[in-house]
Amino acid sequence: MGQRLGVNVDHVATLRQARRTVYPDPVTAAAMAELAGARQITIHLREDRRHIQDRDLRILRETVQTLLNLEMAATAEMVKIAYEYKPDVVTLVPERREELTTEGGLEVAGQRESIAKIIKNLKDGEIAVSLFIDPDLDQVRASHKVNADRVELHTGRYCEARNEKERARELARIVDAAKASAKLGMGVAAGHGLNYDNVQAIARIQEIDELNIGHAIVGRAVLVGFERAVREMLELMRDPG
Ligand SMILES: CC(=O)[C@@H](O)[C@H](O)COP(=O)(O)O
Ligand SMILES: NCC(=O)COP(=O)(O)O
């Protein structure tokens, strides 16, 4: 079956929110992504609701045919929302209102007790839990200790590397973290900043079973259409060279 592509439709909603219109609809985009071969839809319901709205989550829960992955902050407000809509997976991500986009991974090692409580609460509601973490072995070990089902390795530093040496170093960190996570029995995803030029090196990592990609797919979709943008990303993942 190969790696699962999770298409993040946040930035379809960004375009809609730019004028507070009803189009383009991330719900429509999600259906097109699934028709093109995506096997998960990812959305980030932020505290500031800058893009994805509660309405999007409500409707996507009814319409997504594959898996619905809700990215959210580790807060009581968001746990309540997760209980209301029951996504298939919750991915806990760090969040700061003033950030342009997600900056780093969740600090699990330094707040194990509080994260463990939220994970237990979500799993008691039959919701699988993934932790969005930096590719750092301490964070991997802490994620396992707090009983996470999965981790998603933050690929931002790999994607933003300024030269080959830096890129190789960051890639090696991701490989090591993927191997360690799989060895501990956790599912392994990766995401943030992946695009048509940098995805294949990540897709080649056997221990990674899922990639979550949004901004680059939406950016290409604006020019070539959503289904084609998704299919082109899937082709790169399926033949990573
Ligand atoms: C956690 C992550 O890297 C993204 O999935 C997240 O959604 C980024 O936030 P924005 O989509 O708001 O840029
Ligand atoms: N968790 C990563 C994600 O869902 C999409 O991130 P990006 O591709 O929009 O950077």
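What comes next concerns the included structure. (Residues numbered from 1 in each chain as written. Chains lettered and ligands numbered in written order. Predicted model: local features only at pLDDT ≥ 70, side-chain atom pairs only at ≥ 80, totals over all residues. Heavy atoms only, no water.)

## Some details on the environment of Met 186
Point 1. Note that Met 186 resides in the loop between α8 (164-183) and β7 (187-191).
Point 2. Overall, Met 186 belongs to the buried group, its relative accessible area being 5%.
Point 3. Not counting the four nearest positions on each side in its chain, Met 186 is found in contact with Val 140, Ser 143, His 144, Ala 148, Asp 149, Arg 150, Val 151 and Ser 181. (Helix = DSSP H or I, 4+ residues; strand = E, 2+ residues; numbered from the N terminus. Buried < 20%, exposed > 50% of the residue type's maximum accessible area, 1.4 Å probe, protein only. Contact = heavy atoms within 4.5 Å.)

## What to know about the layout of surface pockets
Point 1. Looking at the largest pocket, its volume works out to about 610 Å³.
Point 2. In terms of lining, the largest pocket is formed by 27 residues, of which the most central are His 11, Thr 101, His 192, Gly 193 and His 215.
Point 3. When residues of the lining of the largest pocket are traced back to their parent elements, those giving at least two are α1 (10-19), β8 (210-213) and α10 (215-224).
Point 4. For the lining of the largest pocket, the element with the highest residue contribution is α1, accounting for three residues.
Point 5. Taken together, the residues of the lining of the largest pocket sort by class into seven nonpolar, 14 polar and six charged. (1 Å grid on protein atoms, 1.4 Å probe; cavity = no way out; pocket = protein on both sides within 12 Å on 5 of 7 lines; lining within 4 Å. Points joined across faces, edges and corners; volume = space filled by probe spheres on them. Nonpolar A, V, L, I, M, F, W, Y, C, P; charged D, E, K, R; others polar.)

## A closer look at the sheet that holds strand β4 (residues 89-92)
Point 1. Taken in spatial order, the eight strands of this closed barrel run β1-β2-β3-β4-β5-β6-β7-β8, and their pairing is parallel. Mean inter-strand twist for the sheet, computed between neighbouring axes without regard to direction, equals 25°.
Point 2. Here strand β6 (residues 150-154) pairs with β7 via five bridges, running parallel. Residue pairing in the sheet places Arg 150 in a bridge with Gly 187 of β7.
Point 3. Each of β3 (68-72), β4 and β5 (128-133) touches helix α5 (residues 112-124); the most contacted strand, β5, lies at about 150° to it. (Pairing = 2+ DSSP bridges. Axes fitted to C-alpha atoms, helices over the stretch in contact; angles between N-to-C directions.)

## Quick notes on the site of ligand 1
Point 1. Taken together, Asn 8, Asp 10, His 11, His 44, Arg 46, His 51, Glu 71, Val 93, Thr 101, Thr 102, Phe 132 and His 192 make up the full set of residues adjacent to ligand 1.
Point 2. Note that an oxygen atom of ligand 1 is positioned 3.4 Å from one of the side-chain N or O atoms of Asn 8.
Point 3. Residue Arg 46 places a side-chain N or O atom 2.8 Å away from an oxygen atom belonging to ligand 1.
Point 4. For ligand 1, whose free accessible area comes to 350 Å², the fraction covered by protein is 92%.
Point 5. Here ligand 1 is seated within the largest pocket.
Point 6. When its residues are assigned to classes, the shell around ligand 1 shows two nonpolar, seven polar and three charged. (Near = heavy atom within 4 Å. Polar contact = N/O pair within 3.5 Å; in protein donor to acceptor, adjacent residues only side chain to side chain. Areas by Shrake-Rupley, 256 points an atom, 1.4 Å probe, with all protein chains shown as cover. Sits in = over half its atoms within 2 Å of the grid points.)

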